[in-house]
Each structure stands twice: as structure tokens, then as C-alpha cells.
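# Coordinate analysis (summary)
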Amino acid sequence: MLTTPTPGPDRSAALLLLSDGRLPAGGYAHSAGLEQAIARGWVRDATTLGDYLRGRIHTTGLVSASFAAAAQHRTASAMEAGDAGGTEGLAPLGAALAGLDRELVARTPSPALRRIARDLGRMLLRAMRSIAPSTQPVLDAAGPVLQQPIAYGTVAAALGLTARDAAGLVLYEAAATPAVAAVKLLSIDPFATHRCLVGLAPELDELAERAAAFATADARDLPALAAPLSDIAAELHTNHDQRLFAS
Amino acid sequence: MTTTDATTSTTTSAQPRRALRLGVAGPVGTGKSSTIASLCRALADEFRIGVITNDIYTDEDARFLRAEGVLPEERIRAVETGACPHTAIRDDVTMNLLAVEDLERDFDPLDIVLVESGGDNLTATFSPSLVDAQLFVLDVAGGGDVARKGGPGIGRADLLVVNKIDLAPYVDVDVEQMLADATDAREGRAVLGVSRKQPETVEVLGQWVRDMHSTFREGGHTPQDPGPMAPHFHADESGEGGYVHSHDDGEPAHQH
């Protein structure tokens, strides 16, 4: 029988672990499109970086966070069913997450972004198998290949975190990954990049609440906001010579 | 951690053969890629080999190896390390670990997977959770005194390669002295002087890999960690010097 960790505020250490940029899951090699945005002159300084981050969290960030919340809910439900009746309860999880995965892929026009999110999702799942062996039955049922936001939702549930936790984590990641990459790509005060993040904090929290509200929604009804320049940047980046970041 | 992570990896189908995972580390420009090309040429008839390259940026090294034509090109894959090759072989090995596992699965059965680190400094060594054994590559052109400087790679990698020994007369390096210094720094661990223009030296290198493969296959090899990082220097923000510290006393890890 599985033991479902008790959700609640006492799981904050697990949330910190998962949101820590030092988590060894390969994320550090990515700039979330920022390198290309800088190469194209779209981002030039702290002000335009702040605009870039704001645009990102309100569009693809909210979409990703909603899918993370939905994945958390489906995973947590399967775990509860597993606790009630043995591992049989986990069996439908793979299909439920695959359905979410298809919906998220459909909301991601750029093939490069789909591939990157799939690779990052695989790395997160692979890393968690070694980091938290107790999550193995859940991760086995989830499958080894999921888009990153869905992988985050599943891993969050496996560690006893809530849909709101998963949404907040994915939104923070959406902003922090490019913000931290900026110091390697621009002549920019590293304090200014974190100042951008602090400035976005109230919006990140508000968006996380909105995303979490989609946890129980049908996959078809999840948000479908787009950021076309991000898709274009990701495609341009695949042929960008001498790039520092993989995306 | 002294064993590799392979036992905890999970794939739904049958487990592919676990290849000998051999890391190649060393500073920029010492000849890691050409050492791998030489090894592939020397051993490709005996072993099924795959290669993972890590570049500081782009996939330059993978392109070089594909152009050399030493392996079917699909068995050479690049991992991009976000301008931080050190991290990809030590602090966060997930990208490389997954790349190695994918290669072993896609080209099952492989005998040897060579993992080339992006060129870094003397302290960059592979975590034993990623590779079973590792070569550290120096070259004579980098200076005859480098071997004496020691550090985890020079001192404790499974094999130290002193490369480009044919250049020694042009850079005023006494190869025998450099090899002797290296042997001292390594307390007797293996050291080889190699030049791809001297085929007999490449043959000795190939034999070392053959022997390591046999030992690994027979279960007689335990991965060794050359780390922890040696004490190293940080510039002080005030510009007034800096300080030397090590990471083996519970200090948190940090980005360099």
C-alpha cells in the first residue's frame, strides 16, 4: 500500500526543495528563450527584462501553471485511490496525464519548445526517481516522458504538495529561469534581475491562485494563452550559432 | 556515493546492457576530442562505442567527432551545458545521465560510452554517479609544471593522459620529467604520455581502456571519486585580494 503524504502547510520544505534552482534536474542549462530575445534586441536592460518576464508569466506561465495544477490533482486523486485499494488505483494515472500532455502540446506551436519541455520533464522525473525513491510507484504509473509542467505537477503531488504549490512553483520557475540567465547574457546588475522577480511576486501569487482553480477542470477547458514571439524565438534559437544556453 | 546510479534507473522495457561509462575531462584545448577520436579508431572494431560530448556552448565537439568519421554519427550525441560544463559532470549530472541511458537503450548493446566533458579548469572531475572511470587529459603545451600542481583530476583520475608529447621540443618541456612529476602527484596511479602522431602511444592508451573494460565487465572495478574539490581561490569583491577555501568542511556549494 502507498502512503500518501499529508498535504498542507507543513510540506513547505518539499516545496522549497522542488523550487530550488540547485535541484539537479538539468534546468540550469536553459534561459527560457531569453538568450534569443536578447540576440534579437527585444530585451536590452532591466526594464525590458521585467517586461519580458511579465509577458511570460501572464501567458505561457499561466498555461503551464494550470497544467501543473491539473496534473497535481490527477496524481493526488490516483494516489488516494491507490491508498484505498492498493496499486490498482494508480493504473489510470498514465492515461489521465497523457491526455493533459496532448492538450499542452496542442497549446505549444513551436516544435522546439515541445521538445525542450519534454526533455526538461524527463530530466525532472529521472532526477526524482533517484532523489525520492518513495515516489517511484507514482512516477512509474505517470510514465517517463511528460512535458515539464505536468511532470512538476506529478512530482509535487508525489511529495504531498498541493495544486496551488505546483502552480506557484511552475510560475516562479517561469520567471526565475530567464531572470537568472540574464546575468550571463547581458551587462546587467544581478541585483536588478532579482529586483524584477520581487516586483513580480504579487502577480505570481495572483496567477498561481488562478491556475490552481483549474486543477479539477477538464483538460480541454484549461487556459490556452499564447506568446507567439516565444515560439519564434525558440525556433530561431535552434539554429543560433555559439549559443550559451540550450534554449 | 561510490556506486553509479544505473541500478535505480527505470525503463519500462527490458534493461539495455550497462556499458562501461568512461569520462574524459581536462582543460580546454588539451585534446579531449582528439583523444576520443583516437580511442574510437583504435577500438571500434572490438567494441560497440557511443559518445556523449559536452560543450561550453553549441555542439562543436560532436560535429568534430562526426566529421572525423570514427563512429556511425548517430552514436555521437551532444549535451549543451548552459555555459557551465563543470556543473554538468558534477553538481547536476541529470542531462548527461539521461543522455547516456538513452544511448545505451537506442544502440543496445553498447560496450563503452565515452563522455567528454566541456573543457574546464583543473578542478573539474566527473561524479561517480555519472561515470565508472575517468581520464584526465593535460598536454605538454600547457606547460611542464601543470602536472606538479595536482588537484583532483591530475591526482586521482583513473588515468592521467599527458597529450601532444610530440610538441615537447617546441615548448621546452622535458616529457620524462613531466611524466615523473605526474606519477609523484598521483602516488603511483597510471600516467601515459600520448601523441596521435606516435601510434605506439595510442596503442598503450587503447590497451588501458581494454583492461578497464575487462575489469568492469568482471565486476572488479569500483568507481572512484577524484573529488572533493581542492582548495581554490575567490577574488574578493572589494578588490583587496581574496581568499582560499575548500568545500570539504560543510561549506555550501556555490556557482563559479
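From a predicted model like this one, the values you see are computed outputs, not experimental measurements.

The rules we used
Residues numbered from 1 in each chain as written. Chains lettered and ligands numbered in written order. Predicted model: local features only at pLDDT ≥ 70, side-chain atom pairs only at ≥ 80, totals over all residues. Heavy atoms only, no water. Helix = DSSP H or I, 4+ residues; strand = E, 2+ residues; numbered from the N terminus. Buried < 20%, exposed > 50% of the residue type's maximum accessible area, 1.4 Å probe, protein only. Contact = heavy atoms within 4.5 Å. Areas by Shrake-Rupley, 256 points an atom, 1.4 Å probe, with all protein chains shown as cover. Rg over C-alpha atoms; globule rule 2.2 N^0.38 Å. Lys, Arg positive; Asp, Glu negative; His and termini not counted. Charge placed at Lys NZ, Arg CZ, Asp CG, Glu CD. Buried area = accessible area lost by both parts, 1.4 Å probe. Salt bridge = Lys/Arg side-chain N within 4 Å of Asp/Glu carboxyl O. Pairing = 2+ DSSP bridges. Axes fitted to C-alpha atoms, helices over the stretch in contact; angles between N-to-C directions. Arc of directions from axis to C-beta. Polar contact = N/O pair within 3.5 Å; in protein donor to acceptor, adjacent residues only side chain to side chain. pLDDT = per-residue confidence, 0-100. Patch = residues over 30% accessible without salt bridge, like charges linked within 9 Å, V, L, I, M, F, W, Y side chains within 5 Å. Core = buried A, V, L, I, M, F, W, Y, C linked by side-chain atoms within 4.5 Å.

In terms of helices and strands, chain B carries 7 helices and 9 strands. The proportion of buried residues among the 256 residues of chain B is 57%. Here the analysis covers contacts within chain B between residues at least 6 apart in sequence; of these, 73% occur between residues at least 24 apart. Carbon and sulfur atoms make up 49% of the accessible area of chain B, which totals about 11,100 Å².

Let us look at the overall build of chain A. Of regular secondary structure, chain A possesses 10 helices and 0 strands. When the helices and strands of chain A are listed from N to C terminus, the series reads α-α-α-α-α-α-α-α-α-α. Taken over the C-alpha trace, chain A has a radius of gyration of 17 Å; the compact-globule value for 247 residues is 18 Å, and the two agree within 12%. Here chain A has roughly 10,400 Å² of accessible surface; of this, 58% comes from carbon and sulfur atoms. Where the 21 positive side-chain charges of chain A centre and where its 24 negative ones centre are 5 Å apart.

Interfaces are frequently sized by the accessible area removed from exposure as the parts join. Across the boundary between the two partners, chain A contributes 23 residues, which contact 24 residues of chain B. Taking both partners together, chain A and chain B bury about 2,000 Å²; carbon and sulfur atoms supply 52% of that area. On the chain A side of the contact with chain B, Y28, R122 and R126 of chain A bury the most area, a combined 34% of that side's loss. Our enumeration of links across chain A and chain B arrives at 4 salt bridges. Salt-bridge contacts for E101 of chain B lead to R126 of chain A; the nearest nitrogen and oxygen are separated by 2.8 Å.

What follows concerns the pairing of strand β1 (residues 20-25) of chain B. Residues and elements named next belong to chain B. Of all 6 residues that make up β1, 6 are buried, and the element is covered over most of its length. Alternating positions in β1 separate into two faces, L20, L22 and V24 on one and R21, G23 and A25 on the other, with burial throughout. The pairing of β1 with strand β5 (residues 133-139) spans 4 bridges and is parallel. Bridging across to β5, L22 finds its partner in A133.

Sheet strands pair via backbone hydrogen bonds, and the direction of the pair is either parallel or antiparallel. Residue and element names in this part refer to chain B. Ordered in space as β3-β2-β4-β1-β5-β6-β7, the 7 strands form an open sheet in which the pairing is parallel. Looking at the sheet topology across the chains shown, the edges are occupied by β3 (76-80) and β7 (190-194). The mean inter-strand angle of the sheet, taken between neighbouring strand axes irrespective of direction, is 20 degrees. Where strand β6 (residues 159-163) meets β7, 5 bridges bridge the pair, whose relative direction is parallel. Of the residues in β7, the one forming a bridge with V161 is L192. Lying on the sheet, helix α2 (residues 60-68) is in contact with β2 (49-55), β3 and β4 (112-116); it crosses β2 at an angle near 145 degrees. Across the face of the sheet, helix α7 (residues 199-217) comes into contact with β1, β4, β5, β6 and β7 while running at roughly 145 degrees to β7.

All names here are of chain B. Taken as a whole, helix α6 (residues 175-185) has its buried residues at V175, M178, L179, D181 and A182. Around the axis of α6, the buried residues are gathered within 160 degrees of arc, so they sit on the same side. Exposed and facing more than 90 degrees away from the buried side of α6 are E176 and D184. As for α6, its buried residues are in contact with β5, β6 and β7. A distance of 3.1 Å separates the backbone nitrogen of E176 from a side-chain oxygen at the start of α6, and that oxygen is part of D174.

Residue placement: S34 of chain B occurs in helix α1 (residues 32-43). With residues near it in sequence (within four places) discarded, S34 of chain B still touches F64, N163 and R196 of chain B.

What follows deals with the environment of S31 of chain A. Residue and element names in this part refer to chain A. Locating S31 in the fold gives a position in the loop between α1 (12-19) and α2 (34-39). Overall, S31 belongs to the buried group, its relative accessible area being 0%. For the pair S31 and S247, spaced 216 residues apart in the sequence, the C-alpha separation amounts to 5.7 Å. When near neighbours in sequence (up to four residues on either side) are disregarded, S31 contacts T177, P178, A181, L185, F245 and S247. A polar atom in the side chain of S31 sits 3.0 Å from the backbone nitrogen of E35.

Bringing the confidence of the model for chain A into the picture now. Here chain A shows a mean pLDDT of 94. Residues at 70 or above account for 95%. Here α1 of chain A stands out as the element of chain A with the lowest mean pLDDT, 94, in contrast to helix α7 (residues 148-158) of chain A, whose mean of 98 is the highest.

Moving on to a nonpolar patch on the surface. A cluster of nonpolar side chains, W42, L229 and I232 of chain A, forms an exposed patch at the surface whose accessible area comes to about 280 Å². Within the secondary structure, L229 of chain A sits in helix α10 (residues 228-237).

Counting residues in hydrophobic clusters, the biggest one holds 70 residues, and the most contacted among them are L18, L100 and L124 of chain A. In terms of residues, this core owes the most to one element, helix α3 (residues 46-85) of chain A, which gives 15 residues. Sequence-distant contacts of L124 of chain A, that is, excluding residues within four places in its chain, are made with L18, L23, A25, A151, Y152 and V155 of chain A. One finds V131, L160, A168 and V173 of chain B within the second-largest nonpolar core, a separate group that totals 44 residues.

What follows concerns unusual backbone geometry. The omega angle of the peptide bond from D108 of chain B to P109 of chain B is 0 degrees, so this bond is cis rather than trans. Within the element layout of this structure, P109 of chain B appears in the loop between α4 (94-106) and β4. At A32 of chain A, a residue that is not glycine, the phi angle is positive and equals roughly 55 degrees. Note on placement: A32 of chain A falls in the loop between α1 and α2. Positive phi values are uncommon outside glycine, yet D172 of chain B reaches one of about 55 degrees. When you line up the elements, D172 of chain B lands in the loop between β6 and α6.

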